[in-house]
Structure formats: structure tokens, C-alpha cells
Protein chains: 4
Amino acid sequence: MNTFGRKLTLTTFGESHGKAIGCILDGVPAGLSINEEFIQDELDRRKPGKSPLETGRKEDDRVEILSGVFEGISTGAPIAMIIFNTDQKSKDYENIKDLFRPGHADFTYYHKYGIRDYRGGGRSSARETAARVAGGAIAKLMLKEIGVEIHAGVCEIDGIKAGFHDFDHAKTSQILALDPVIEPLQKEAVINAKNSHDSVGGVVLATAVGVPTGLGEPLYYKLDALLAEAMMGINAVKAVEIGDGIATTHMKGSQNNDQITKDGFASNHAGGILGGISDGEEVVVKIHFKPTPSIFKPQQTINKDGTETVCKLSGRHDPCVAIRGAVVCEAMMALVLADMALLNLGARMEHLTTLYRPKKQV
Amino acid sequence: MNTFGRKLTLTTFGESHGKAIGCILDGVPAGLSINEEFIQDELDRRKPGKSPLETGRKEDDRVEILSGVFEGISTGAPIAMIIFNTDQKSKDYENIKDLFRPGHADFTYYHKYGIRDYRGGGRSSARETAARVAGGAIAKLMLKEIGVEIHAGVCEIDGIKAGFHDFDHAKTSQILALDPVIEPLQKEAVINAKNSHDSVGGVVLATAVGVPTGLGEPLYYKLDALLAEAMMGINAVKAVEIGDGIATTHMKGSQNNDQITKDGFASNHAGGILGGISDGEEVVVKIHFKPTPSIFKPQQTINKDGTETVCKLSGRHDPCVAIRGAVVCEAMMALVLADMALLNLGARMEHLTTLYRPKKQV
Amino acid sequence: MNTFGRKLTLTTFGESHGKAIGCILDGVPAGLSINEEFIQDELDRRKPGKSPLETGRKEDDRVEILSGVFEGISTGAPIAMIIFNTDQKSKDYENIKDLFRPGHADFTYYHKYGIRDYRGGGRSSARETAARVAGGAIAKLMLKEIGVEIHAGVCEIDGIKAGFHDFDHAKTSQILALDPVIEPLQKEAVINAKNSHDSVGGVVLATAVGVPTGLGEPLYYKLDALLAEAMMGINAVKAVEIGDGIATTHMKGSQNNDQITKDGFASNHAGGILGGISDGEEVVVKIHFKPTPSIFKPQQTINKDGTETVCKLSGRHDPCVAIRGAVVCEAMMALVLADMALLNLGARMEHLTTLYRPKKQV
Amino acid sequence: MNTFGRKLTLTTFGESHGKAIGCILDGVPAGLSINEEFIQDELDRRKPGKSPLETGRKEDDRVEILSGVFEGISTGAPIAMIIFNTDQKSKDYENIKDLFRPGHADFTYYHKYGIRDYRGGGRSSARETAARVAGGAIAKLMLKEIGVEIHAGVCEIDGIKAGFHDFDHAKTSQILALDPVIEPLQKEAVINAKNSHDSVGGVVLATAVGVPTGLGEPLYYKLDALLAEAMMGINAVKAVEIGDGIATTHMKGSQNNDQITKDGFASNHAGGILGGISDGEEVVVKIHFKPTPSIFKPQQTINKDGTETVCKLSGRHDPCVAIRGAVVCEAMMALVLADMALLNLGARMEHLTTLYRPKKQV
């Protein structure tokens, strides 16, 4: 239940205010150089408290590799990574231990399990996504070896849409904005939300370039289906589009079909996926995040015993979760693609005969 | 790769123009009355050729249960179902055997596998979804026993949106329309598309009422993530929304959070899912279908050997796949919910002690 | 629950006296020549009623491929196979419908599921193993392409042990005997059992030659563990040994360790597996079958309502299930090895870079 | 690949001489009291260096729970546990870094992965079994709640067999001996092996009492098949028997069938499992361990480059791995049974209707 993936599997553990969070990434092929600095850099991109636009919780998010790497190289054994929680202010949550915060998982966890670690949302906290980013970083290292690169950025905040998409700019932007022209307006929306003790939604665009043709296993591990699952499973995501997504429903077939020339596809409405299999074009996914449920305005709710009460949150929260969410989208995309690259091995008999025939040794 | 689900698993087989299609549904609890007529009725709702708005292919889609049912009751053994293909006109496909139809999976299957059953798209054909509907029908029978009902209908065709949603009307509508007022316009759009040898997109709304609180297994079998996967994996789907979906990104947190009263949630922007777990409200999913890729206008493409050519399709196709797709959405929703209802058993120790303690016999 | 394997998966269905039994074999790489005659030959080796030493049930066991093969070649789509039941004498079972046959699964199925298809044991019948043999036949075809061959034979019946192992002889022997000298005594034991309305146990030896080094995925898909699971899951099996098995517990480490020379291992006590991974030597498994539980002597038992009664079976049964069981052992071994050959793809980064780097197309 | 189990899953990580070993146990129902002392006690039973009959490596094996437990109670979230390695003498292994120790996994890991963590066998070391024992301890706590108890002991060492089985005695015996009369002879065999720089094999008997009828999921998660897999996957195990195992092959059917009276089964040759499902009797498994491959006598082997050399081990090793192995057998048995107890939920429709019908809330 806490494992993601098929041949490359990420199993995560940990709660927002427990001792540690972490993961076991299993299925990494032997022989990959594990650049620890890169993994830490990825975590740093996601870590909270980098700017006034983010939660004030300050976590170093220092990752430690516990296994699976020998002299800097992956051995084929599972790679365990751990991040100790440091800046836990569990007391912040005393006042909410008996009530259900609107828009949060408090209500459902309590009713499903009959017990709830209320400190910062416990297991349901987005803090767990740090483990995904750690796992995704290694997936990125794998993908790099086969020429695949992944980028994500924020294309919309509070309804303010990017006019164009500059992934290089997003890398340096405080809000991972794809459009430097629109960026100041988007920033302002975040600040306004924060100042009014509220929050705003946002949209992330994620792409992968260099994806080989043939990734995705029909009919039930289709690449687009798995990307949808991966993205919808990120905290606060409420919609996922592949390629032109919803816009395709307003086109005629003759407009939407990507015609094919001897130099490749003439357009990419499909977002790089046909029949659930990558077609060699850029893989494009759009991910829609609802506004952060943690807001500081008073809200109506009930206690565990059913009595009505007012939820008045304090503490530290992102006014727009889509921003740090973009880094998580990249990680999930990397995990899916690396997994599919592994699963596709064996699609043809010649994969077997090439490997085993000549020398009977692997 | 051709198995969907975790504890309730549907494994399908078959190609558009092979001998038969079918499935094995495994994990159905013993003691369920298997109403064969209901299964057939569900297939009849999906089957092609019922109206001039659909493909002219006429398949009886007569389903036969081969196993797992004894004297009308499920035994706990896998339930195999088979549908023989009858109205196959493989010759229709002779002219496309060497080229890749734009918008179809021809290109990707060929490049992945090095071989392609070109007759009607082979394995990639939406014909396979009949097997899903058969499996979904049994999932519906299971769900009915615990008070869950599933409905779907078409809320938009070619950009023409339903003003309101009447699921009862959809059941009798030729195009499964949710809004009888708008229905004639939507129908006209389909006919126009057909007449102009083109196709149109559409949007399906699917809901489940009576879903118990607690379904969905965090963090990687979240109910919303699995619904997204299930829906995005249906042929021609390009976007999936949960609850208010994209609209939530334009709200403030204070607007989007569903506040809680002693009588339940005051609103349902979340679409019945919080933190990946059902909250007892109606589960709401919106599914966006691209226009049918099979159109009769000439299109530019290439042959297997890379030479450019014109693709001129003939044959029998739906001008709007969203319509029959709605029935498939229901089936996938049923499969996901029934699976989650089973997986949730064991969420609490008392599930174990209640069953095993008193008499040590199950 | 009815699916075996990880990347090559066999999902079976069907009951002893239902309409049909069959399977879906998923994960077969595209491009394999599917020799239908070979599959039928394998089924013929297992099918009942070939000699007076076997059950009198006469089943043609004619297998039909329904999908996944196009013009004689596998396409990468799931391969469904079906065998219709023909010689069903369900009436034979009327007298046992309310009682539990000793040594059979009647008691446990009834208590687990609350319902039981009593005709010939229903789902628990060894008849299901025909589907395994069909799937195993295709696994053998895959393995042949990479130079692996599998053999099995009977090395012991009723305590009468083979002095040596001639797998070629086993192929022509009515009782699949490995030792032609001992064979008449073993045959006699079977006949005696039959004549005295009783049954005898037996032991099967199964080997695989040409297995490449590197198959088996530590730590929880070890080759020996999976072979043990595969074999122990065959009806009537009560013990499994790898290599010298139990005999190793009577050796000193210095005797049991297979020393290594520049020409390979100096001995093969390990049975071709070290640390759960194949070492290039012959893979050797010994499988112990209990005597057939169906005997014609009266036995004490109880009815569903708990009252004591006498179980007096009639009908048609093998006096020694190990004989036809040997064919099933081969099939399971083939399924495990082909699965592991696929899973091992991706053990090293160079598997990925070799496939994806040069031309980015698969 | 490093995950064991279906609904209760244990994912382990770590190498013999890495920073830490550990596991994530997922699927533990919420509401279980997690007795940390008990978990530590179990680890203490397995830990090395307790007596001169064991390896001299001294590991505290202090386990720390990192997640999934809140105020002493399981929350339904994954439970991560970590054990830091302390007494690592990696230098002991410098001399073997380029050669393959006979009887070990060095050869196969190197050929599979192309890289090998040679320090103490790396991932292939039996040190990993500490993580299994930690996970198994929690499985035991679960089972205790439903009345199941698990015991194991050593019944044979170097061919010296126990005359009877006293599991209480085994708990206090330095060599976990089941028969106090034979124990001194068995101990002597271990000491002799140690003194002669050699090692001996042994056999473990493991049983579970109080197992409810109905555990095991036919046809491919049969209880006996899963126990065989679980046991054969333990380091150095070469054979597994269920119930009377091999002895059943020497019986007639009339002797081996357990007849049924109104008070239960008249005998238990089957070892508590019929048709892969528990029948309510004691579940009995016998596990055969080869002699420890690490011996101090010189052995012939080759280097990575294929040149012949002599392997002369020093260091710290158990002369008989079956002894500490017995604790691991208990853990694996507990993991399998707890998993099956969870999987069996949902075998009947009434499991669903009982839980969901009355109040629609879980």
C-alpha cells in the first residue's frame, strides 16, 4: 500500500512529526553512479522554508543513503534513504488533535483507522513527498544515462496563466514560474493569499524529452494511466491532463490527430503517448493543484465526538502548494519513466536472445 | 501487464478481430448471486451498432461465464467470461496493414513489439473494453450488496455542455446525455461530425453514491489516484478530474475547503475523497475523451518503411467515442471501488479479531 | 490469487466439471514462434486415460489459442488458451456432495468459502494443472530460444528408488520412469495399489540445463524459493528439495561446498543455485508427492452438518499422481525460469543503455 | 524484489557491513499494541555472539521504530525499523575481495550484477534476517490477537535426530534443541565442527497452533506453497517439508489420509493444510539447512579474472546456521500466516456486508 512502481519500486515511510521519513528504492540496476550531491540538490529544491512564499518550517532535509551503494556505485541491492525530522513543533497541533481540519485527511484517516497521528497530519502530510523526491532523483540519474531529461514548472497560479514556457527560467525562479513576464503577478497572488490568511491553487506543467519509443505496457500499465495515477496521488492534486488534454475535446478528429511525416510527427497534441505507449515525442503532463487546505481563517468543523466547533489554525504553511509540488511532479514522472524503461525490457524475444545467447552469462 | 486491480483483479485478453475477447475476474467473494442477465444488459449498453450515431459494426457481444459460479452463486474461484467475435471484416484493414493511422496506436505498437496485428487495431482496439464492462458488471453486483450505486452520463460533446445532470435521463438517452434540453444540440454535433467524415470529443461525468467512508489505501493506492489511472487507461481519454477538479485551482482555500457540520460536509468540492480516502460523500469523476481518431478524411502518414503516404480510412467507427465510453467509465469505477472495499478489510485489528476470534473458523 | 509469476504471469480458471478450463499467459515477448503442435503434445503427455495405470477419465484436452498470436507469432499481447471439458460424469459425485473426502480440499474449501463445487473437487481438482502445462509449453518455447532445456521423470514410487536417471528413457516410459531397470518394480507397485483400491506416493526429479548465470532476484524472488513455491503448489506435493537437498544436512561444509576451478564448479551439490541465483550449473529439484487421496477403500469422515459417515468413493483416479505430476513439474519449472529470465533484464545499467542508447527506438 | 508478502509486506534493506539494516512492514492493521520490548527480545534470540557455538561477531542488534506507531499503537501507516551495524570488521574481508568463496553467493552476485560488495557477503549475508525477525515479531503480535502461536526448534544436527519435540525446552536451550536428551550430542557435534574448522547441517521444526480454518488463497497463494517459498528463501535452506512431508511418499493413501471424526481430524499427516488452505490443525513445517559455507579449511576456487586460487577464510562464523536459523523460520512463518489472515478477509460476501452494511462507516 505504500509502494509505488512495478519493477522500480519506491516504498516510503514516515510521518510529518515522527523521528524520520525515508524510502527504499528497489530495482535500481547495478552499475549506476550514485551522485549523492545531486540527490541532496533535488531535496533542496523541494525543502520548505527557502522563501517567505513558503511554509516557515525549516527542515534541513539532509538525506543519508543507508544501503545499496558500494564505492559510489549501485549494486543492484535496495537503496534505503533516510531524512531525520528536525524542526518539529508538535505542540502547534495540540489544539487540533480532536477536530478534523476542513480540506484535510483528518476526517478520513480517523474513520478508516480509528486512530490518528494528528501532529502535522501524520502520514497524510505532504512532508512524505521528500522521500519521493529522493527516489525520483535516482530515477533521474538512471534516465540521464539513456538520454531522458525531465523538467517541470508552474504555469498558472490563482488563474494567472503563463504566456509561454521557459523551463530554464523555472529552475531559477522562487516560484518555479515558467513565464518570467507573468511571474511578478503570480508572486503577488501568493503574497496576497498569505496576507489574507488564505491560499491559492496552481497548475504545473511537466515534460520529458528524449523518451524512447515503446515505453508503457498495455493494457493496464499504460504510460498515460500510470502518469495520471502518479500525479493524482500527490497531495492536493485534483486533475491531470496528458498532452493537450481537455483542449482535445474541443477539436475535431482531423485537428487533433497528429499526422506523421518522414521526419516524425507534424504536431504533438497527444503529448508523446499513443495507445498508452510513448511515441518518441516530448511527454507532456499538466497537473492541477487545489489551494492549500491549511488556512488561517476560522472554519466550521466537528470534533471526533461529532460536536461542531471552529477550526482556527496557526502554524506554518505554504500559501500555494503547487510551487513545491512541481518538484514532486518531476520526481513522480522520473519514477514512472524509469520503471517503464525497465518493464519494456523483454517486450521482444530479441531482448532475451541478445542478452543470453552469445555467452550464457549475464 | 494485462491485469487491473489489486485484490479484485481483472485480466483481459483478445484482439478486435481475433476469435474471442474475454476476461478472468479474480477475487470475487464467495456467496454473491451472479445475475447473468444483468451482465448481458451491461454489455448491451456498450455494444456497437445500436444507433446510427455509432459504428456500424454489429456485435452481439453475447457473454458466456465459464467458471467460478456454481448454481448461480460465486464460489470464490476465478470467474472467466468469454465473448466470441462474430462481425469481423478483417478485409477492411488490408489497405492499412503497412501504414500507421494518425491518432492510433499503430505506430507505437509496431515500434515496441516489431509486429502488429493490424486488423482493427488488434489489441489496442476499444473492443477490449467489452471485457471491462463484463467484469465491471460483477463489481456492480458486489457493490450493490453494500449499498453503492454507480452512474455515468455524457455532460459535454464538441464543447456543448450540459446545464444540469440527470443520470436517469442518461440511461434512456441514445447518446447517454445528462441534460435532455441540450441533448438535441449534442446529437446534432455528432451527426454533423459523421456527415463531414470527421469526429468530435466529449466529456463523461461518473459518480458513485453510498460509498462507505474509508475506501482507498494511502499512500500509493489512493482512491483518487486509482480512479485517475483507471479512467486515463480507457481508450481516447486525455484528462481526468476529481470532484471540482480544475475549478478548484481558481478558488481560494477558504472557498474550496468543504466545511463540516454535525450533519456532514457542507459542500463536496472534493468529490468525496480526502487524502486519497473516501469521506462518505458522492464520489465524482470527470473524464475527457478526445475525438475518435478514426476519421474518413485523408490524412498524412508514413508506411512501416518510412515512406510518406496518405491514410484514407473506410470501415465503421463511432463519431464520438465518449458516448459508449461512459459505460466503460462506470465499469472501471465499479472495479476500483469494489477492489478498494476488499482492500480496506484489514485496516483495523478489529476486522481480524471479529472474524477469527469467536469460533476460530471462517 | 489465481495468478502465478511476476513478469511472465499465468492466470488460470476453471473447475474439474465446469464448461472449460484455461489460462491467460501474459508477458510473452513479441516475436516468438508459437508452435501449437508442441503445446498440444505437452498436454497429451499430461492428459488422463492414456494407460491402465491412470484415471479412466478420458479427456481430449484439445487446446485452442484465442489471442496474442498473429500469423503464428506472438505479438506481446496476452495469450489466452482454452480447453473444453468433455468427459464429465458429474453424477459420480452426487454421493459425496455433502461429505468431506479425507485427504482432499473439500473440508477447507467449504469452511473458507461457505459453498463448494463438489463435482470432482471443483477448483481444487488437479485437472487445473492442464492449464499450467499449456502455459509451461510456451515458456519452454521461450527458453529453447536461449538454450535452456527442461526434463523431469519419476525417480521413486512407493519407496522404490531409481538407481540412476535417464531422462530420455522417462520420455518414452508409461510411468515416466528414470530408471528402466527399476521400472517394472515401480509399475507393479502402482498396479498393486490399484488392485487393492489404494494408492502410492512418488518422487519426481526435474532439471534444467543451459540455464544462464544470473537468474533469480534476491532477496525475495530467489530462484530456489520460487521453485519451492511453484512445486509445493502442485496438488499432492508435500516436500521440495533443491540440489542435494536433505542430504546436505548430513555433510560437513567442506564436503558440501562446491569448489570452483577454472573450468567451472567441481561438483553440483547446490543444484545450480547459490544465494538464490543460478550459477550456470544444472538446476536440480526433487518433488515429493503424497499418495493420491482418492482411494476406494471406505474411510471415516463427516458431513457438512458434522455427523459422522463413511466415505466410499467410486469413479476414476490415478493410483499414483506423481506420474502425471512430473509433466506439471516441468511446466512449473519452465514458467519460473522464463519469468526469471525476463526479470533479470535490467539487473545492470548496461541492459538499459544497450537497448535505448544507440537509436532511442526499441 | 526485496519485498515479501502480499497484503502484509516486508521490504528489507541493508548489507552485512553497511551503515544499517532494516525494514518497512506495511499493511499492519491500525489498533495493534506494539510491544517494542517483545520485538527486541525476538532480535536478541537471533543475535550473534551469545555463545561460543555461534559466530564471534557481536552485534547489539538494537532496533528502533521510526514510523507507523503513535502512542504505542499502530496507525495503519508503514512501520519502519532500523538496526545500525556496529561490530563491522570490514578488513577481515580484504583478502577475499577478488575471489569467490565456495558455497557462497559471491560468484552469482558478481556475474549477475557485475559489481559485488564483498564485505561479509554484502546483501547476501544472513545478517539481513535480523530485519525479518523484527518484522516477524510484529506479525506474531498480530497473530496473538487471533489466538495463533508459533514455535520452532532444532530437531536434528549433523544427522543426530531428536527423539521427541519439546518446544518449551527449545526456548531455553543454547542450541534451540527440541530434545534435551539428545541435546548434548548435538552440541558436541557443533563443537567438533568448530574445532575441526568445519561446519555441520541441521533441521528445524516449526509449528503454528490455533490457526483458524480457511487461511491460504488457492490456487497460487496456497499456504503450503507460500511457506515453502518463505523457508526456502532463508539463507542455507535446501529442503522444505509440510506435515509428514517425505514420509508421506512411503505411505499408502489409506494410511496417509487424515480421517475426520466429529471431534476433528483423527491424525495430522497433512500438517494442517489441505488443498493449500489451513484446516484448523497444527501447521507443521520442517526446514533443512545445509552446513555453513564459511569454513576455515582451505578450499579451491577462482578469482574474478578466472585464475585458480585457494580460499582461506578467517573471521567469525556459526558452525551450524540452523540454530539461529530457527528464529528466522518462526519469523517467516508468522509473516506468512499474518498475511494470509489478512488476505482471507473478503473470501465471503458476508465479510463485506458485515463491515459496510449497518452503518456505512468503517
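Our subject is the structure that appears above.
Residue indices begin from 1 for each chain and proceed along its sequence in written order. Note on labels: chains are lettered from A, ligands numbered from 1, in written order. Where totals are concerned, whole chains, interfaces and linings use all residues; where local detail is concerned, this predicted model gives features only for residues with pLDDT of at least 70, and gives and counts side-chain atom pairs only at 80 or more. Side-chain descriptors were evaluated using all non-hydrogen atoms of the structure, hydrogens and water having been removed beforehand.

Section: the interface of chain B and chain A
The contact rule is simple, with two residues in contact once any of their heavy atoms fall within 4.5 Å. Contacts between the two partners involve 98 residues from chain B, matched on the other side by 98 residues from chain A. Once two parts are joined, some of their accessible surface, as seen by a 1.4 Å probe, is lost; buried area is that loss totalled over both. Counting the surface lost from both chain B and chain A, the interface buries some 7,900 Å², and carbon and sulfur atoms represent 57% of this. Considering only the surface of chain B that becomes buried against chain A, B:Lys112, B:Tyr220 and B:Lys238 emerge as the three largest contributors, covering 11% of it. By definition, a salt bridge exists where a carboxyl oxygen of Asp or Glu is found within 4 Å of a side-chain nitrogen of Lys or Arg. Across the chain B-chain A interface, the total number found is six salt bridges.

A few points about the relation of the copies chain D and chain B
Overlay of chain D on chain B (RMSD 0.0 Å): rotation 180 degrees, translation along the axis 0.0 Å. Both copies of the chain, as the preceding transformation shows, are related through a two-fold rotation axis. No C-alpha of chain D lies nearer the rotation axis than that of D:Leu345, which sits 3.0 Å from it. The residues that chain D uses at the interface reappear at the interface of chain B in 100% of cases, marking a shared surface. Copies are brought into register by a least-squares superposition over C-alpha atoms of residues with pLDDT of at least 70 in both.

A short note on the sheet that holds strand E4 (residues 63-65) of chain D
Residues and elements named next belong to chain D. Two strands pair if DSSP finds at least two bridges between them. For the purposes of this entry, the term helix denotes a DSSP run of H or I that reaches at least four residues, the term strand denotes a run of E that reaches at least two, and both are numbered from the N terminus. As summarised here, the arrangement of the five strands in space is E1-E2-E3-E7-E4, forming an open sheet in which the pairing is antiparallel. The open sheet has two edge strands, strand E1 (3-4) and E4, and neither has a second partner. Looking at chain direction, E4 and strand E7 (residues 79-84) are connected through three bridges and run antiparallel. Along E7, the bridge assignment pairs Glu64 with Ile82. Axes here mean lines fitted to C-alpha atoms, for a helix over just the part in contact, with angles spanning 0 to 180 degrees between N-to-C directions. Sitting on the sheet, helix H1 (residues 36-46) is in contact with E4 and E7, with an inclination near 150 degrees to E4.

A look at unusual backbone geometry
Most of the time, phi is negative for any residue but glycine, and the peptide bond is trans. All names here are of chain A. The residue after Pro218, namely Leu219, is reached through a cis peptide bond having omega 0 degrees. Relative to the elements of secondary structure, Leu219 occurs in the loop between strand E10 (202-209) and helix H6 (223-232). We note that Ala236 has phi near 80 degrees; this positive angle belongs to a residue other than glycine. Whether a residue is buried, partly exposed or exposed follows from its accessible area with a 1.4 Å probe, protein chains only, as a fraction of its type maximum: under 20%, in between, or over 50%, in that order. Under the relative-accessibility criterion, Ala236 is labelled buried at 17%.

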